[in-house]
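As a plain string of letters, each chain reads:
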Amino acid sequence: MLDSSLFIGAAILIGLAVGSFLNVVIHRLPRMMEREWRAQCAELEGKPSPESGRYNLLLPPSQCPACGTRIRARDNIPVVSWLLLGGKCAHCKAPISPRYPIVEILTAVLSGCVAWRFGFGWSTAAVLVFTWTLIALTFIDADTTLLPDDLTLPLLWLGLLANAAGLMPGVSLRDAVLGAVTGYLALWVIYWAFKLATGKEGMGYGDFKLLAALGAWMGWKALLPVVLISSVVGAVVGIVLIILARRGREIPIPFGPYLATAGFMVMLAGHRLTGIFIPS
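Residues numbered from 1 in each chain as written. Predicted model: local features only at pLDDT ≥ 70, side-chain atom pairs only at ≥ 80, totals over all residues. Heavy atoms only, no water.

1. A few points about the overall build of the protein
In terms of regular secondary structure, the protein is built from 10 helices and zero strands. Seen in sequence order, the protein has helices and strands lined up from the N terminus as α-α-α-α-α-α-α-α-α-α. Over its C-alpha trace the protein gives a radius of gyration of 20 Å, about what one expects of a compact globule, namely 19 Å for 280 residues. Residues counted as buried form 40% of the 280 residues belonging to the protein. (Helix = DSSP H or I, 4+ residues; strand = E, 2+ residues; numbered from the N terminus. Rg over C-alpha atoms; globule rule 2.2 N^0.38 Å. Buried < 20%, exposed > 50% of the residue type's maximum accessible area, 1.4 Å probe, protein only.)

As structure tokens, this is what we get:
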């Protein structure tokens with residue numbers, strides 16, 4: 001049996017490396033979507049695509065956003081390189097956002113929590129993928145108010161597959177399917193009720209898909225605590241932003257980060273939390 005402390009330490013180190021990749025996903029995926037949209041619009045208008053060159057999660061290699069210099073491998077070590085360089089580009093000394101090491105540290109810490117909670121096994125591998133996807137969705141939604149289908153839909157299908165394989169303790173495939181359907185429909189109903197009452201859109205379709213994905217992973221019983229926790233946290237943060245940051249009420253506040261945070265909390269807490277709301 002693998003020593004638990006070694007396993008947790010390995011998960012933390014893997015989390016640091018994955019966090020570095022998640023920074024790429026968070027930065028590039030929305031831009032990849034924009035390029036695709038522009039290319040589709042140009043095609044519909046019968047014009048040549050305005051986009052040139054390959055741009056994906058692997059190409060072109062990472063480079064400084066200020067001077068365009070390619071980042072060397074030794075300057076791309078998670079957290080360590082940022083600290084050694086004083087948070088600046090090695091070439092032009094332009095400041096590099098502290099968000100990069102924050103994402104790496106967050107991914108490492110949450111990966112360690114998952115390893116501690118679920119122990120050595122395939123369940124941990126599955127929940128790590130779940131956690132890493134939620135981190136990417138959280139920061140993309142915070143930046144752009146978008147929850148890309150490229151992440152939410154695979155997360156949903158992976159949740160169903162994980163439960164079909166029996167990887168999620170206490171969640172049957174039936175509960176997972178009901179969770180996916182109920183999660184989507186719950187926010188869909190709220191969306192249309194709010195729109196009919198106010199004429200405004202209170203959330204986006206990406207939120208429906210994210211809650212459906214959470215239901216697919218944790219079953220329908222997890223949906224109530226997820227919605228309640230995310231709503232309370234979102235309301236508190238929204239009020240604070242309006243009062244302290246003087247954020248206008250008309251400026252949309254992304255709901256995805258709160259859904260993701262609540263989903264991770266419920267995943268770690270398991271039946272100890274869902275049982276409070278829906279006794280077995």
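So that's the structure; there's more coming.
2. Section: the side chain of Ser20
Here Ser20 lies in helix 1 (residues 4-44). The residues contacting Ser20, other than those within four sequence positions of it, are Asn76, Pro78 and Glu104. (Contact = heavy atoms within 4.5 Å.)

3. Topic: the packing of helix 4 (residues 122-144) against helix 5 (residues 149-164)
Running from N to C, helix 4 and helix 5 cross one another at 160 degrees; their axes reach a closest spacing of 10 Å. Relative to helix 5, the element helix 4 lies roughly antiparallel. Judged by the twist between their axes, the crossing of helix 4 over helix 5 is left-handed. Taking contact as the criterion, the partners of Val129, Phe130, Thr133, Leu134, Ala136, Leu137 and Ile140 in helix 4 are, on helix 5, Leu151, Thr152, Leu155 and Leu158. (Axes fitted to C-alpha atoms, helices over the stretch in contact; angles between N-to-C directions. Parallel < 35°, antiparallel > 145°, perpendicular 65-115°, else oblique. Left-handed = near helix turned anticlockwise from the far one by under 90°.)

4. Remarks on a nonpolar patch on the surface
Taken together, Leu173, Val177, Val181, Leu185, Trp188, Val189 and Tyr205 make up a surface patch of nonpolar side chains, about 590 Å² in accessible area. The element best represented in the nonpolar patch is helix 6 (residues 173-198), accounting for six residues. Mapping Tyr205 onto the fold places it in helix 7 (residues 205-218). Among the residues examined, Tyr205 registers a relative accessible area of 35% and is labelled partly exposed. (Patch = residues over 30% accessible without salt bridge, like charges linked within 9 Å, V, L, I, M, F, W, Y side chains within 5 Å. Areas by Shrake-Rupley, 256 points an atom, 1.4 Å probe, with all protein chains shown as cover. Salt bridge = Lys/Arg side-chain N within 4 Å of Asp/Glu carboxyl O.)

5. A look at the side chain of Asn23
By the element assignment, Asn23 lies in helix 1. Assessed through its relative accessible area of 7%, Asn23 is described here as buried. Polar contacts involving the side chain of Asn23 include one to the main-chain carbonyl oxygen of Tyr100, which spans 3.0 Å. Ignoring anything within four residues of it in the chain, the contact list for Asn23 reads Arg99, Tyr100, Val103 and Glu104. (Polar contact = N/O pair within 3.5 Å; in protein donor to acceptor, adjacent residues only side chain to side chain.)

6. Observations regarding the state of the cysteines
Overall, the coordinates contain zero disulfides when judged by the stated rule. Summary of cysteine pairing: Cys67 is not part of a disulfide, and the nearest cysteine sulfur, belonging to Cys92, is at 3.6 Å. This cysteine, Cys89, is not joined by any disulfide, and Cys64 carries the nearest cysteine sulfur, 3.6 Å off. Among the residues examined, Cys89 registers a relative accessible area of 8% and is labelled buried. (Disulfide = S-S within 2.5 Å.)

7. Description of the packing of helix 3 (residues 99-118) against helix 9 (residues 256-269)
Running from N to C, helix 3 and helix 9 cross one another at 25 degrees; their axes reach a closest spacing of 10 Å. Taken together, helix 3 and helix 9 sit at an angle that is classed as roughly parallel. Each of Leu110, Cys113, Val114, Arg117 and Phe118 in helix 3 lies in contact with helix 9, whose residues at this interface are Phe264, Met267, Leu268 and Ala269. Of the residues that constitute the contact of helix 3 with helix 9, the class distribution is eight nonpolar, no polar and one charged. (Nonpolar A, V, L, I, M, F, W, Y, C, P; charged D, E, K, R; others polar.)

8. Comments concerning helix 1
The α-helix winds at 3.6 residues per turn, so residues separated by three or four positions along the chain end up facing the same way. For helix 1, which comprises 41 residues, the first-to-last C-alpha distance of 56 Å matches the rise-based estimate of 60 Å (1.5 Å per residue) to within 8%. At Arg28, helix 1 shows its strongest bend, of approximately 30 degrees, with the proline Pro30 following within four residues. (Expected span 1.5 Å × (residues − 1). Bend = angle between axes of the 7 residues up to and from the residue.)

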